[in-house]
Amino acid sequence: MTENIDRFGRRITYLRISVTDRCNFRCIYCMPASGVSWQPHAEILRYEEIIRVVRAAATLGIRKVRLTGGEPLVRDGIVDLVASISDISGIEEITLTTNGTLLPHYAKDLAHAGLARVNISLDTLRPDRFRQITRLGSLNDTLAGIRAAQEAGLVPIKLNAVVMRGINDDEVADLAAMTKDNFQVRFIEWMPIGTSNVDFGSRFVPGDEVRAHIEESLGSLEPLREEGPARVYRLSRFPQGGQIGFISTFSSPFCATCNRIRLTADGKLRPCLLSPIEIDVKAPLRAGATDEEIRRLVLSGIERKPLAHGVASDVPRNREMSQIGG
Ligand code: SAM
Ligand code: SF4
């Protein structure tokens, strides 16, 4: 058996790393408004520890790394981390998911360090709503970040929108229309992770409903392909434009083709975002584990990947999204 093929025949090539649980926003679907208890710095993996895990993962067939969080750009030294990961033999692509606010400062350096592309969260184009959803953010700052990423060549940029009924579901066509400027816009189903999603039941919008709404407003969507978790389409009216992806975690689960494992900010391998299974790598790293021992731990993360996640009501609430890495 090839080592990066799990018990169900899926080839695991993609590692998502939460580099911090901290953030300069408090998005309503991701964090509570106040009283977030950040993990102590000593509990967060140091960069050299992350690099050892990535090296081990690369020997097992991991080819793509995404840095996320929390907000990955609030952690000092992130550019150096990108440079170090891009030097690891076997890693073919490094990407980053961000709220964009610090990209004007970092985009060029990240590109020089080897970052390929960015995904930027953008749930609304209305400044007042942006503030309501992010609680601390400003739309202008994120738009400046998007421009900075374009100028630095971190393209194609994917814009991630979590759709919430009664909050931003009336904007899906406006967001979808951004594909005319070559953005890829991805509509993500809200997941009830952590403590912040008190009214998930009434706010959840299934991907098919978003798709129907876009087609009513902007005309037909041509199906193009499945790309990881996303079903990807293009608006027929913008044949040269960017693409629209639907990540419909609950209404159309993508478990059968899931190729990812995760590393939490505090050093746990998490084979599935929506399953509570975790494998501690931090304690072994700090107890002097050899490279071979770390490699075996990553392998056990691949081996323990569950076949599928449950329904929304079964999602474990033991962790905030920002700790696991969305
Ligand atoms: N701070 C960065 C950002 O917002 O892009 C990276 C971390 S954030 C946790 C990663 C992605 O997870 C974002 O696109 C965000 O919209 C998404 N996300 C966070 N909480 C979510 C939830 N409860 N359901 C669905 N997506 C969520
Ligand atoms: Fe921060 Fe991203 Fe979570 Fe928003 S979604 S609170 S920007 S980590």
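S.K.: Summarise the pairing of strand β6 (residues 184–189); cite the residues concerned and give the values.
M.R.: Of all 6 residues that make up β6, 6 are buried, and the element is covered over most of its length. Burial along β6 is two-sided: Q184, R186 and I188 facing one way and V185, F187 and E189 facing the other are all buried. Of the strand pairs in this sheet, strand β5 (residues 158–163) and β6 are connected by 6 bridges, and their pairing is parallel. Bridge pairing links K158 to Q184 in β6. Where β6 meets strand β9 (residues 244–247), 4 bridges bridge the pair, whose relative direction is parallel. By the bridge assignment for β9, I188 is matched with I247.

S.K.: Describe the environment of R66, listing the residues and the values that go with them.
M.R.: By the secondary structure assignment, R66 is in strand β2 (residues 64–68). Residues R66 and R270 lie 204 residues apart in sequence; the distance between their C-alpha atoms is 14 Å. Setting aside its immediate chain neighbours within four residues, R66 contacts Y14, L15, R16, I17, T95, L96, T97, R117 and N119. Only 3.0 Å separates the side chain of R66 from the side chain of T97, close enough to count as a polar contact.

S.K.: Which residues make up the packing of aromatic side chains, and what values go with them?
M.R.: Under the definition given, this model contains 3 aromatic pairs. Arranged with centres 5.9 Å apart and planes meeting at 85 degrees, the rings of F25 and F130 form a pair that is edge-to-face. Of this pair, F25 sits in the loop between β1 (14–18) and α1 (47–59) while F130 sits in helix α4 (residues 127–134); the two residues are 105 residues apart in sequence, bridging distant segments of the chain. Judged on exposure class, the residue F25 and its partner F130 are both buried. Ring plane angle 25 degrees and centroid distance 5.9 Å describe the contact between F187 and F246, whose orientation is recorded as stacked. Placement of the pair is F187 in strand β6 and F246 in strand β9, with a sequence separation of 59 residues. Comparing F187 with F246 shows no difference in burial state: the two are buried. Looking at K64, its charged tip hangs above the ring of Y14, at a distance of 4.6 Å from the centre.

S.K.: Kindly report on empty space enclosed by the protein, identifying the contributing residues and their values.
M.R.: Applying the stated criterion to the full structure yields 2 cavities of 30 Å³ or more. Approximately 50 Å³ is the volume attributed to the largest cavity. Taken together, F25, C27, Y29, N99, S121, L122, D123, F130 and T134 form the lining of the largest cavity. Grouping the amino acids of the lining of the largest cavity by side-chain chemistry returns 5 nonpolar, 3 polar and 1 charged. By volume, the second largest cavity is sized at about 40 Å³. Listed by contribution, the elements that provide at least two residues to the lining of the second largest cavity are β6, β8 (230–235) and β9. In terms of residues, the lining of the second largest cavity owes the most to one element, β6, which gives 3 residues. Class assignment for the residues of the lining of the second largest cavity results in 4 nonpolar, 3 polar and 2 charged.

S.K.: Report on unusual backbone geometry, specifying residues and quantitative values.
M.R.: The amide bond that connects V155 to the next residue, P156, takes the cis arrangement and shows omega of -5 degrees. Among the structural elements, P156 can be located in the loop between α5 (139–151) and β5. Although it is not a glycine, R135 adopts a positive phi angle of roughly 65 degrees. Relative to the assigned elements, R135 resides in the loop between α4 and α5. Using a relative accessible area of 28% as the deciding quantity, one classes R135 as partly exposed. One non-glycine residue, N182, adopts positive backbone phi at about 70 degrees. With respect to the element layout, N182 can be found in the loop between α6 (172–176) and β6. Owing to a relative accessible area of 46%, N182 belongs among the partly exposed residues under this scheme.

Analysis parameters
- Residues numbered from 1 in each chain as written.
- Chains lettered and ligands numbered in written order.
- Predicted model: local features only at pLDDT ≥ 70, side-chain atom pairs only at ≥ 80, totals over all residues.
- Heavy atoms only, no water.
- Buried < 20%, exposed > 50% of the residue type's maximum accessible area, 1.4 Å probe, protein only.
- Helix = DSSP H or I, 4+ residues; strand = E, 2+ residues; numbered from the N terminus.
- Pairing = 2+ DSSP bridges.
- Contact = heavy atoms within 4.5 Å.
- Polar contact = N/O pair within 3.5 Å; in protein donor to acceptor, adjacent residues only side chain to side chain.
- Phe/Tyr/Trp six-rings, centres within 6.5 Å; stacked < 30°, edge-to-face > 60°.
- Lys NZ or Arg CZ within 6 Å of the ring centre and 35° of its normal.
- 1 Å grid on protein atoms, 1.4 Å probe; cavity = no way out; pocket = protein on both sides within 12 Å on 5 of 7 lines; lining within 4 Å.
- Points joined across faces, edges and corners; volume = space filled by probe spheres on them.
- Nonpolar A, V, L, I, M, F, W, Y, C, P; charged D, E, K, R; others polar.

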